[in-house]
Protein chains: 2
Amino acid sequence: MARKKLDEIRPEQGDDAAARRTPMREFSRSLPMSLLRAREAVMRQFRPSLRNHGLTEQQWRILRALTAVDEIEVTELARVAFLLGPSLSRILRDLEGRALIERKAAENDARRAVVSISAKGLKLIEAVAPTSEVIYAAITRRYGARKLAELQEMLGALEASLAGMGAEDAEVEADE
Amino acid sequence: MARKKLDEIRPEQGDDAAARRTPMREFSRSLPMSLLRAREAVMRQFRPSLRNHGLTEQQWRILRALTAVDEIEVTELARVAFLLGPSLSRILRDLEGRALIERKAAENDARRAVVSISAKGLKLIEAVAPTSEVIYAAITRRYGARKLAELQEMLGALEASLAGMGAEDAEVEADE
DNA sequence: GGAAAGAACTTAACATGTTAATCATCTCCC
DNA sequence: GGGAGATGATTAACATGTTAAGTTCTTTCC
(Lines give C-alpha, C1' and ligand atoms only; values in the text may rest on other atoms or scores of the structure.)
Protein backbone atom coordinates (compact mmCIF):
# COMPACT_ATOMS: atom_id res chain seq x y z
CA MET A 1 0.00 0.00 0.00
CA ALA A 2 2.20 2.77 1.16
CA ARG A 3 5.16 2.12 -0.96
CA LYS A 4 8.26 3.51 -2.54
CA LYS A 5 7.92 7.13 -3.34
CA LEU A 6 11.40 7.42 -2.03
CA ASP A 7 13.15 5.46 -4.68
CA GLU A 8 14.64 8.45 -6.35
CA ILE A 9 16.40 9.42 -3.18
CA ARG A 10 19.12 6.92 -3.71
CA PRO A 11 19.21 5.80 -7.28
CA GLU A 12 20.22 2.20 -7.31
CA GLN A 13 20.90 -0.15 -10.14
CA GLY A 14 18.28 -2.78 -10.64
CA ASP A 15 19.27 -5.88 -8.81
CA ASP A 16 19.66 -9.24 -10.36
CA ALA A 17 19.04 -12.46 -8.54
CA ALA A 18 18.64 -10.83 -5.20
CA ALA A 19 15.18 -9.56 -5.90
CA ARG A 20 13.71 -11.21 -2.82
CA ARG A 21 16.62 -11.67 -0.51
CA THR A 22 18.21 -8.26 -0.54
CA PRO A 23 15.65 -5.54 -0.11
CA MET A 24 17.27 -2.31 0.99
CA ARG A 25 20.64 -2.68 -0.61
CA GLU A 26 21.31 0.98 -0.73
CA PHE A 27 20.24 1.60 2.82
CA SER A 28 22.42 -1.13 4.21
CA ARG A 29 25.35 0.30 2.31
CA SER A 30 25.19 3.74 3.84
CA LEU A 31 28.35 4.88 5.53
CA PRO A 32 26.92 4.92 9.06
CA MET A 33 25.64 1.38 8.64
CA SER A 34 28.94 0.17 7.25
CA LEU A 35 30.80 1.65 10.18
CA LEU A 36 28.30 0.27 12.64
CA ARG A 37 28.44 -3.24 11.29
CA ALA A 38 32.22 -3.25 11.05
CA ARG A 39 32.60 -2.09 14.60
CA GLU A 40 30.09 -4.60 15.85
CA ALA A 41 31.91 -7.38 14.02
CA VAL A 42 35.09 -6.38 15.80
CA MET A 43 33.60 -5.92 19.22
CA ARG A 44 31.79 -9.21 19.03
CA GLN A 45 35.20 -10.79 19.24
CA PHE A 46 36.18 -9.01 22.42
CA ARG A 47 32.98 -8.86 24.42
CA PRO A 48 32.88 -12.46 25.67
CA SER A 49 36.38 -12.25 27.10
CA LEU A 50 35.69 -8.95 28.80
CA ARG A 51 32.46 -10.32 30.13
CA ASN A 52 34.26 -13.27 31.65
CA HIS A 53 36.25 -10.79 33.68
CA GLY A 54 33.22 -8.77 34.72
CA LEU A 55 34.00 -5.81 32.50
CA THR A 56 31.97 -4.01 29.90
CA GLU A 57 33.54 -2.53 26.85
CA GLN A 58 33.47 0.98 28.28
CA GLN A 59 34.83 -0.05 31.65
CA TRP A 60 37.68 -1.73 29.83
CA ARG A 61 38.36 1.41 27.81
CA ILE A 62 38.64 3.44 30.98
CA LEU A 63 40.95 1.03 32.79
CA ARG A 64 43.00 0.61 29.66
CA ALA A 65 43.39 4.36 29.37
CA LEU A 66 44.36 4.67 33.01
CA THR A 67 47.21 2.20 32.66
CA ALA A 68 48.99 4.64 30.36
CA VAL A 69 49.16 7.49 32.85
CA ASP A 70 49.91 8.07 36.48
CA GLU A 71 46.75 10.05 37.00
CA ILE A 72 44.36 11.99 34.83
CA GLU A 73 41.56 14.47 35.22
CA VAL A 74 38.05 13.33 34.50
CA THR A 75 37.53 15.61 31.52
CA GLU A 76 40.74 14.47 29.92
CA LEU A 77 39.82 10.87 30.61
CA ALA A 78 36.50 11.40 28.85
CA ARG A 79 38.41 12.68 25.84
CA VAL A 80 40.83 9.80 25.53
CA ALA A 81 38.30 7.08 26.37
CA PHE A 82 35.77 8.77 24.09
CA LEU A 83 32.95 8.78 26.58
CA LEU A 84 30.49 11.49 27.42
CA GLY A 85 30.61 13.02 30.85
CA PRO A 86 27.46 11.41 32.23
CA SER A 87 28.51 7.93 31.14
CA LEU A 88 31.94 8.44 32.60
CA SER A 89 30.52 9.67 35.91
CA ARG A 90 28.40 6.57 36.30
CA ILE A 91 31.17 4.19 35.35
CA LEU A 92 33.72 5.85 37.61
CA ARG A 93 31.30 5.58 40.52
CA ASP A 94 31.01 1.87 39.84
CA LEU A 95 34.72 1.28 39.32
CA GLU A 96 35.53 3.20 42.48
CA GLY A 97 33.01 1.08 44.35
CA ARG A 98 34.82 -1.99 43.10
CA ALA A 99 38.14 -0.48 44.18
CA LEU A 100 39.51 -0.73 40.66
CA ILE A 101 40.30 2.98 40.54
CA GLU A 102 41.04 5.77 43.00
CA ARG A 103 39.77 9.30 42.91
CA LYS A 104 40.86 12.49 44.61
CA ALA A 105 40.32 16.19 44.17
CA ALA A 106 42.81 18.26 42.23
CA GLU A 107 45.13 20.30 44.36
CA ASN A 108 44.57 23.76 42.96
CA ASP A 109 41.01 23.42 41.73
CA ALA A 110 38.35 21.81 43.85
CA ARG A 111 36.08 21.34 40.86
CA ARG A 112 38.38 18.92 39.12
CA ALA A 113 38.76 15.30 40.05
CA VAL A 114 41.85 13.25 39.42
CA VAL A 115 41.58 9.54 38.74
CA SER A 116 44.14 6.76 38.79
CA ILE A 117 44.05 3.00 38.49
CA SER A 118 44.47 0.94 41.66
CA ALA A 119 46.68 -2.06 42.20
CA LYS A 120 43.60 -4.23 41.99
CA GLY A 121 42.63 -2.57 38.74
CA LEU A 122 46.10 -3.14 37.32
CA LYS A 123 45.90 -6.78 38.25
CA LEU A 124 42.60 -7.11 36.45
CA ILE A 125 44.01 -5.45 33.36
CA GLU A 126 46.92 -7.83 33.38
CA ALA A 127 44.53 -10.73 33.55
CA VAL A 128 42.49 -9.59 30.58
CA ALA A 129 45.22 -8.19 28.34
CA PRO A 130 46.70 -11.48 27.09
CA THR A 131 43.39 -12.68 25.71
CA SER A 132 42.73 -9.32 24.12
CA GLU A 133 46.12 -9.43 22.48
CA VAL A 134 45.41 -12.86 21.09
CA ILE A 135 42.12 -11.70 19.64
CA TYR A 136 43.65 -8.57 18.18
CA ALA A 137 46.40 -10.61 16.61
CA ALA A 138 43.86 -12.99 15.11
CA ILE A 139 41.95 -10.10 13.58
CA THR A 140 45.14 -8.64 12.18
CA ARG A 141 46.17 -11.95 10.69
CA ARG A 142 42.78 -12.54 9.11
CA TYR A 143 42.40 -9.10 7.63
CA GLY A 144 46.02 -8.43 6.88
CA ALA A 145 48.32 -6.13 8.80
CA ARG A 146 48.89 -3.79 5.89
CA LYS A 147 45.22 -3.57 5.05
CA LEU A 148 44.42 -2.92 8.67
CA ALA A 149 46.86 -0.06 8.83
CA GLU A 150 45.43 1.37 5.66
CA LEU A 151 41.91 1.11 7.03
CA GLN A 152 42.86 2.97 10.17
CA GLU A 153 44.54 5.59 8.06
CA MET A 154 41.37 6.08 6.05
CA LEU A 155 39.21 6.20 9.16
CA GLY A 156 41.42 8.87 10.61
CA ALA A 157 41.21 10.82 7.38
CA LEU A 158 37.44 10.58 7.44
CA GLU A 159 37.39 11.91 10.95
CA ALA A 160 39.65 14.77 9.93
CA SER A 161 37.52 15.53 6.88
CA LEU A 162 34.45 15.94 9.01
CA ALA A 163 36.13 17.80 11.82
CA GLY A 164 35.44 21.12 10.19
CA MET A 165 31.91 20.41 9.05
CA GLY A 166 29.89 22.34 11.52
CA ALA A 167 27.27 20.35 13.30
CA GLU A 168 24.87 23.23 12.84
CA ASP A 169 21.41 21.98 12.38
CA ALA A 170 21.55 22.55 8.65
CA GLU A 171 17.81 22.80 8.57
CA VAL A 172 17.26 26.47 7.93
CA GLU A 173 19.52 26.76 4.93
CA ALA A 174 18.24 23.52 3.54
CA ASP A 175 14.62 24.45 3.77
CA GLU A 176 14.66 28.00 2.60
CA MET B 1 24.08 27.93 27.03
CA ALA B 2 24.72 24.29 27.45
CA ARG B 3 25.27 23.40 23.85
CA LYS B 4 28.47 21.64 22.77
CA LYS B 5 29.18 18.92 25.18
CA LEU B 6 30.57 16.36 22.83
CA ASP B 7 32.26 19.02 20.80
CA GLU B 8 34.58 19.83 23.57
CA ILE B 9 35.59 16.28 24.06
CA ARG B 10 37.57 16.47 20.91
CA PRO B 11 39.32 19.80 20.91
CA GLU B 12 41.91 18.73 18.36
CA GLN B 13 45.53 18.89 19.29
CA GLY B 14 47.69 21.93 18.98
CA ASP B 15 47.60 22.88 22.61
CA ASP B 16 50.38 23.96 24.84
CA ALA B 17 50.04 20.84 26.87
CA ALA B 18 50.32 18.72 23.76
CA ALA B 19 53.93 18.04 24.57
CA ARG B 20 53.36 16.25 27.82
CA ARG B 21 50.20 14.72 26.48
CA THR B 22 49.71 11.93 23.96
CA PRO B 23 49.97 9.24 26.58
CA MET B 24 47.87 6.39 25.22
CA ARG B 25 48.79 6.55 21.62
CA GLU B 26 48.49 2.86 21.21
CA PHE B 27 45.14 2.69 22.93
CA SER B 28 43.56 5.49 20.94
CA ARG B 29 44.75 3.84 17.75
CA SER B 30 43.07 0.55 18.36
CA LEU B 31 40.69 -0.61 15.68
CA PRO B 32 37.55 -0.42 17.82
CA MET B 33 38.38 3.13 18.81
CA SER B 34 39.09 4.15 15.24
CA LEU B 35 35.76 2.77 14.11
CA LEU B 36 33.93 4.33 17.02
CA ARG B 37 35.38 7.77 16.42
CA ALA B 38 34.79 7.62 12.70
CA ARG B 39 31.20 6.64 13.14
CA GLU B 40 30.62 9.29 15.73
CA ALA B 41 32.12 11.91 13.42
CA VAL B 42 29.65 10.87 10.74
CA MET B 43 26.60 10.61 12.96
CA ARG B 44 27.31 13.96 14.53
CA GLN B 45 26.43 15.42 11.16
CA PHE B 46 23.07 13.73 10.96
CA ARG B 47 21.78 13.79 14.50
CA PRO B 48 20.71 17.46 14.70
CA SER B 49 18.59 17.19 11.59
CA LEU B 50 16.93 13.99 12.78
CA ARG B 51 16.35 15.52 16.15
CA ASN B 52 14.62 18.49 14.57
CA HIS B 53 12.12 16.05 13.17
CA GLY B 54 11.66 14.19 16.42
CA LEU B 55 13.55 11.10 15.34
CA THR B 56 16.44 9.23 16.86
CA GLU B 57 19.03 7.56 14.75
CA GLN B 58 17.50 4.13 15.29
CA GLN B 59 13.97 5.27 14.60
CA TRP B 60 15.22 6.76 11.36
CA ARG B 61 16.93 3.51 10.44
CA ILE B 62 13.71 1.62 10.92
CA LEU B 63 11.55 4.02 8.94
CA ARG B 64 14.17 4.22 6.24
CA ALA B 65 14.24 0.46 5.98
CA LEU B 66 10.47 0.28 5.82
CA THR B 67 10.31 2.61 2.83
CA ALA B 68 12.09 0.00 0.75
CA VAL B 69 9.50 -2.73 1.24
CA ASP B 70 5.78 -3.16 1.29
CA GLU B 71 5.85 -4.97 4.60
CA ILE B 72 8.38 -6.93 6.55
CA GLU B 73 8.49 -9.29 9.49
CA VAL B 74 9.99 -8.07 12.72
CA THR B 75 12.91 -10.46 12.69
CA GLU B 76 13.84 -9.51 9.17
CA LEU B 77 13.51 -5.85 10.05
CA ALA B 78 15.89 -6.35 12.95
CA ARG B 79 18.39 -7.84 10.55
CA VAL B 80 18.31 -5.06 7.98
CA ALA B 81 18.11 -2.20 10.48
CA PHE B 82 20.84 -3.88 12.54
CA LEU B 83 18.98 -3.70 15.81
CA LEU B 84 18.59 -6.28 18.53
CA GLY B 85 15.15 -7.68 19.20
CA PRO B 86 14.50 -5.91 22.48
CA SER B 87 15.49 -2.51 21.08
CA LEU B 88 13.32 -3.07 18.05
CA SER B 89 10.34 -4.10 20.18
CA ARG B 90 10.52 -0.90 22.18
CA ILE B 91 10.96 1.34 19.18
CA LEU B 92 8.16 -0.30 17.23
CA ARG B 93 5.85 0.19 20.18
CA ASP B 94 6.72 3.87 20.16
CA LEU B 95 6.47 4.31 16.41
CA GLU B 96 3.13 2.52 16.37
CA GLY B 97 1.90 4.80 19.12
CA ARG B 98 2.86 7.75 16.95
CA ALA B 99 1.06 6.19 14.01
CA LEU B 100 4.23 6.21 11.92
CA ILE B 101 4.03 2.48 11.30
CA GLU B 102 1.37 -0.20 11.19
CA ARG B 103 1.56 -3.68 12.58
CA LYS B 104 -0.47 -6.79 12.02
CA ALA B 105 -0.12 -10.50 12.63
CA ALA B 106 1.20 -12.74 9.89
CA GLU B 107 -1.46 -14.75 8.13
CA ASN B 108 -0.16 -18.25 8.57
CA ASP B 109 1.84 -17.86 11.78
CA ALA B 110 0.37 -16.04 14.74
CA ARG B 111 3.78 -15.64 16.32
CA ARG B 112 5.10 -13.41 13.61
CA ALA B 113 4.29 -9.75 13.29
CA VAL B 114 4.35 -7.86 10.01
CA VAL B 115 5.24 -4.20 9.97
CA SER B 116 4.78 -1.50 7.35
CA ILE B 117 5.23 2.24 7.21
CA SER B 118 2.13 4.41 7.37
CA ALA B 119 1.25 7.35 5.16
CA LYS B 120 2.19 9.63 8.02
CA GLY B 121 5.51 7.85 8.36
CA LEU B 122 6.18 8.23 4.67
CA LYS B 123 5.45 11.91 4.89
CA LEU B 124 7.92 12.27 7.72
CA ILE B 125 10.58 10.43 5.78
CA GLU B 126 10.06 12.67 2.83
CA ALA B 127 10.48 15.68 5.06
CA VAL B 128 13.78 14.47 6.48
CA ALA B 129 15.32 12.88 3.43
CA PRO B 130 16.36 16.04 1.56
CA THR B 131 18.45 17.31 4.44
CA SER B 132 20.01 13.91 4.93
CA GLU B 133 20.92 13.80 1.28
CA VAL B 134 22.54 17.20 1.50
CA ILE B 135 24.61 16.08 4.45
CA TYR B 136 25.59 12.82 2.80
CA ALA B 137 26.61 14.70 -0.32
CA ALA B 138 28.70 17.10 1.71
CA ILE B 139 30.50 14.22 3.39
CA THR B 140 31.11 12.57 0.04
CA ARG B 141 32.48 15.76 -1.44
CA ARG B 142 34.78 16.40 1.50
CA TYR B 143 36.17 12.92 1.73
CA GLY B 144 36.10 12.06 -1.94
CA ALA B 145 33.63 9.78 -3.64
CA ARG B 146 36.28 7.30 -4.70
CA LYS B 147 37.87 7.17 -1.30
CA LEU B 148 34.48 6.73 0.28
CA ALA B 149 33.68 3.79 -1.93
CA GLU B 150 37.04 2.26 -1.14
CA LEU B 151 36.47 2.72 2.58
CA GLN B 152 33.12 0.98 2.41
CA GLU B 153 34.71 -1.81 0.45
CA MET B 154 37.33 -2.27 3.14
CA LEU B 155 34.76 -2.15 5.90
CA GLY B 156 32.77 -4.83 4.19
CA ALA B 157 35.89 -6.92 3.80
CA LEU B 158 36.65 -6.54 7.49
CA GLU B 159 33.17 -7.70 8.34
CA ALA B 160 33.58 -10.67 6.05
CA SER B 161 36.99 -11.50 7.53
CA LEU B 162 35.57 -11.69 11.00
CA ALA B 163 32.39 -13.48 10.03
CA GLY B 164 34.01 -16.84 10.49
CA MET B 165 35.92 -16.07 13.67
CA GLY B 166 33.87 -17.85 16.23
CA ALA B 167 32.81 -15.68 19.12
CA GLU B 168 33.69 -18.46 21.49
CA ASP B 169 34.93 -17.12 24.72
CA ALA B 170 38.51 -17.89 23.84
CA GLU B 171 39.25 -17.96 27.53
CA VAL B 172 39.70 -21.61 28.18
CA GLU B 173 42.22 -22.21 25.47
CA ALA B 174 43.98 -19.00 26.28
CA ASP B 175 44.37 -19.76 29.94
CA GLU B 176 45.33 -23.39 29.84
C1' DG C 1 -3.05 -35.95 19.32
C1' DG C 2 -0.44 -34.35 22.94
C1' DA C 3 3.89 -33.45 25.35
C1' DA C 4 8.41 -31.63 24.40
C1' DA C 5 11.37 -28.84 21.81
C1' DG C 6 11.87 -24.89 18.98
C1' DA C 7 10.66 -20.09 17.13
C1' DA C 8 9.23 -15.36 17.30
C1' DC C 9 8.62 -11.95 19.74
C1' DT C 10 8.23 -9.42 24.28
C1' DT C 11 9.54 -8.07 29.01
C1' DA C 12 12.84 -7.50 32.47
C1' DA C 13 17.03 -5.76 34.32
C1' DC C 14 21.02 -3.45 34.06
C1' DA C 15 24.65 -0.49 31.55
C1' DT C 16 25.50 3.11 28.37
C1' DG C 17 24.31 7.05 24.90
C1' DT C 18 22.44 11.59 24.71
C1' DT C 19 20.79 16.00 25.98
C1' DA C 20 19.36 19.16 29.56
C1' DA C 21 19.55 20.80 34.15
C1' DT C 22 21.89 21.30 38.49
C1' DC C 23 25.68 22.13 41.81
C1' DA C 24 29.90 23.65 43.20
C1' DT C 25 33.82 26.17 42.21
C1' DC C 26 36.54 29.39 39.84
C1' DT C 27 37.70 33.69 36.99
C1' DC C 28 37.09 37.93 35.48
C1' DC C 29 36.16 42.46 36.08
C1' DC C 30 33.94 46.44 38.11
C1' DG D 1 35.77 41.78 47.56
C1' DG D 2 31.78 40.48 45.40
C1' DG D 3 28.66 39.30 41.76
C1' DA D 4 28.00 37.71 36.87
C1' DG D 5 29.34 34.38 33.97
C1' DA D 6 32.32 30.46 32.78
C1' DT D 7 33.93 25.75 33.95
C1' DG D 8 34.15 20.79 35.86
C1' DA D 9 31.48 17.35 37.39
C1' DT D 10 27.33 15.17 38.57
C1' DT D 11 22.40 14.19 38.37
C1' DA D 12 18.04 13.71 35.81
C1' DA D 13 15.35 11.84 32.23
C1' DC D 14 14.68 9.35 28.39
C1' DA D 15 16.27 6.12 24.50
C1' DT D 16 19.05 2.32 23.19
C1' DG D 17 22.52 -1.78 23.82
C1' DT D 18 22.86 -6.24 25.83
C1' DT D 19 21.79 -10.53 27.93
C1' DA D 20 18.45 -13.43 30.26
C1' DA D 21 13.88 -14.90 31.15
C1' DG D 22 9.13 -15.17 29.94
C1' DT D 23 4.92 -15.78 26.57
C1' DT D 24 2.66 -17.45 22.97
C1' DC D 25 2.35 -20.15 19.17
C1' DT D 26 4.34 -23.99 15.99
C1' DT D 27 6.58 -27.89 14.77
C1' DT D 28 8.35 -32.53 15.89
C1' DC D 29 7.94 -36.79 17.17
C1' DC D 30 6.45 -40.57 19.79
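Residues numbered from 1 in each chain as written. Chains lettered and ligands numbered in written order. Predicted model: local features only at pLDDT ≥ 70, side-chain atom pairs only at ≥ 80, totals over all residues. Heavy atoms only, no water.

K.L.:
Help me get a handle on the protein's contact with DNA strand C, residues and values and all.
P.N.:
With respect to spatial proximity, 25 residues lie near DNA strand C, and among them Pro86, Ser87 and Arg90 of chain A together with Thr75 and Ala113 of chain B are the closest. Here the atoms of DNA strand C within 4 Å of the protein split so that 61% fall in sugar or phosphate, with bases taking the remainder. Between Arg103 of chain B and DNA strand C, the recorded distance is 3.1 Å, taken from a side-chain N or O atom to a phosphate oxygen. Elements with a minimum of two residues in the surface near DNA strand C: helix 3 (57-66) and helix 5 (85-97) of chain A together with helix 2 (31-52), helix 4 (74-81) and helix 5 (85-97) of chain B. Among the elements that make up the surface near DNA strand C, the one with the highest residue count is helix 5 of chain A (four residues). Per-class residue counts for the surface near DNA strand C are eight nonpolar, six polar and eleven charged. (Near = heavy atom within 4 Å. Polar contact = N/O pair within 3.5 Å; in protein donor to acceptor, adjacent residues only side chain to side chain. Helix = DSSP H or I, 4+ residues; strand = E, 2+ residues; numbered from the N terminus. Nonpolar A, V, L, I, M, F, W, Y, C, P; charged D, E, K, R; others polar.)

K.L.:
Describe helix 2 of chain B, and please don't skip the residues or the numbers.
P.N.:
Each α-helix winds once per 3.6 residues, and so residues spaced three or four apart point in a common direction. Residues and elements named next belong to chain B. A rise of 1.5 Å per residue sets the reference length of helix 2, with its 22 residues, at 32 Å; its end C-alpha atoms lie 32 Å apart and thus fit the reference within 8%. Where helix 2 bends most, at Arg44, the angle is about 35°, and the proline Pro48 comes one to four residues later. Counting buried positions along helix 2 yields 19 of 22 residues, so the element is predominantly enclosed. Once helix 2 ends, the next one or two residues include Gly54, with phi positive near 75°. (Expected span 1.5 Å × (residues − 1). Bend = angle between axes of the 7 residues up to and from the residue. Buried < 20%, exposed > 50% of the residue type's maximum accessible area, 1.4 Å probe, protein only.)

K.L.:
I'd love a proper account of the protein's contact with DNA strand D, names of residues and values included.
P.N.:
The local shell around DNA strand D holds 26 residues, among which Thr75 and Arg103 of chain A together with Pro86, Ser87 and Arg90 of chain B are the closest. Take the atoms of DNA strand D that sit within 4 Å of the protein: sugar and phosphate atoms are 67% of them. With respect to DNA strand D, the side chain of Arg90 of chain B contributes an N or O atom lying 2.8 Å from a base nitrogen. Ala110 of chain B places a polar main-chain atom, nitrogen or oxygen, 3.2 Å from a phosphate oxygen of DNA strand D. Broken down by secondary-structure element, the contributors of at least two residues to the surface near DNA strand D are helix 2 (31-52), helix 4 (74-81) and helix 5 of chain A together with helix 3 (57-66) and helix 5 of chain B. In the surface near DNA strand D, the residues fall into eight nonpolar, six polar and twelve charged.

K.L.:
Break down the pairing of strand 3 (residues 113-117) of chain A for me, citing the residues and quoting the values.
P.N.:
For a regular strand, side chains alternate in direction, first toward one face of the sheet and then toward the other. All names here are of chain A. Counting buried positions over the five residues of strand 3 gives four, a clear majority of the element. Sheet analysis places strand 2 (residues 101-105) next to strand 3, joined by five bridges and oriented antiparallel. Each residue of the ladder has a partner; that of Ala105, found in strand 3, is Ala113. (Pairing = 2+ DSSP bridges.)

K.L.:
Describe the sheet that holds strand 3 (residues 113-117) of chain B, and please don't skip the residues or the numbers.
P.N.:
All names here are of chain B. The three strands lie next to each other as 1-3-2, forming an open sheet whose pairing is antiparallel. Edge positions in the sheet fall to strand 1 (72-73) and strand 2 (101-105), since each of these pairs with one other strand and no more. Pairing analysis gives two bridges linking strand 1 to strand 3, with the strands arranged antiparallel. Pairing of Ile72 across the sheet is with Val115, part of strand 3. Those strands touched by helix 3 are strand 1, strand 2 and strand 3, and its axis lies near 90° from that of strand 3. (Contact = heavy atoms within 4.5 Å. Axes fitted to C-alpha atoms, helices over the stretch in contact; angles between N-to-C directions.)

K.L.:
Requested: an account of the packing of helix 2 of chain A against helix 3 of chain A, with residues and values cited.
P.N.:
Relative orientation and spacing of two packed helices are given, respectively, by the angle between their axes and the distance between those axes. Residues and elements named next belong to chain A. Where helix 2 contacts helix 3, the two axes come as close as 10 Å, and the packing angle between them is 80°. By the criterion of interaxial angle, the relationship of helix 2 to helix 3 is roughly perpendicular. Contacts between helix 2 and helix 3 pair Arg39, Met43, Arg47 and Leu50 from the former with Glu57, Trp60 and Arg61 from the latter. (Parallel < 35°, antiparallel > 145°, perpendicular 65-115°, else oblique.)

K.L.:
Any details on the side chain of Arg39 of chain B? Residues and values, ideally.
P.N.:
The topology assignment puts Arg39 of chain B in helix 2. Apart from the residues within four sequence positions on either side, Arg39 of chain B is in contact with Pro32, Leu35 and Leu36 of chain A together with Glu57 and Arg61 of chain B.

K.L.:
Hey, could you go over the sheet that holds strand 2 of chain A for me, with residue numbers and the actual values?
P.N.:
All names here are of chain A. A sheet is described by the order of its strands in space; here three strands give the open sequence 1-3-2, paired in antiparallel fashion. The sheet is open, and its two borders are formed by strand 1 (72-73) and strand 2, each paired with just one other strand. Of the strands in this sheet, strand 1, strand 2 and strand 3 are in contact with helix 3, which crosses strand 3 at around 90°. The sheet strands contacting helix 5 are strand 2 and strand 3, and the helix crosses strand 2 at an angle near 115°.

K.L.:
Give me the lowdown on the nonpolar core, citing residues and values where you can.
P.N.:
A general tendency of soluble globular proteins is for nonpolar side chains to be buried together. Ranked by size, the top nonpolar core spans 39 residues in total, and within it Leu31, Leu35, Leu151 and Leu158 of chain A together with Leu35, Leu151 and Leu158 of chain B carry the most contacts. Taken together, the elements giving at least two residues each to this core come down to helix 2, helix 6 (119-143) and helix 7 (145-163) of chain A together with helix 2, helix 6 (119-143) and helix 7 (145-163) of chain B. The residues touching Leu31 of chain A, leaving out its near neighbours within four places in the chain, are Leu158 of chain A together with Val42, Tyr136, Ile139, Leu148, Leu151 and Gln152 of chain B. (Core = buried A, V, L, I, M, F, W, Y, C linked by side-chain atoms within 4.5 Å.)

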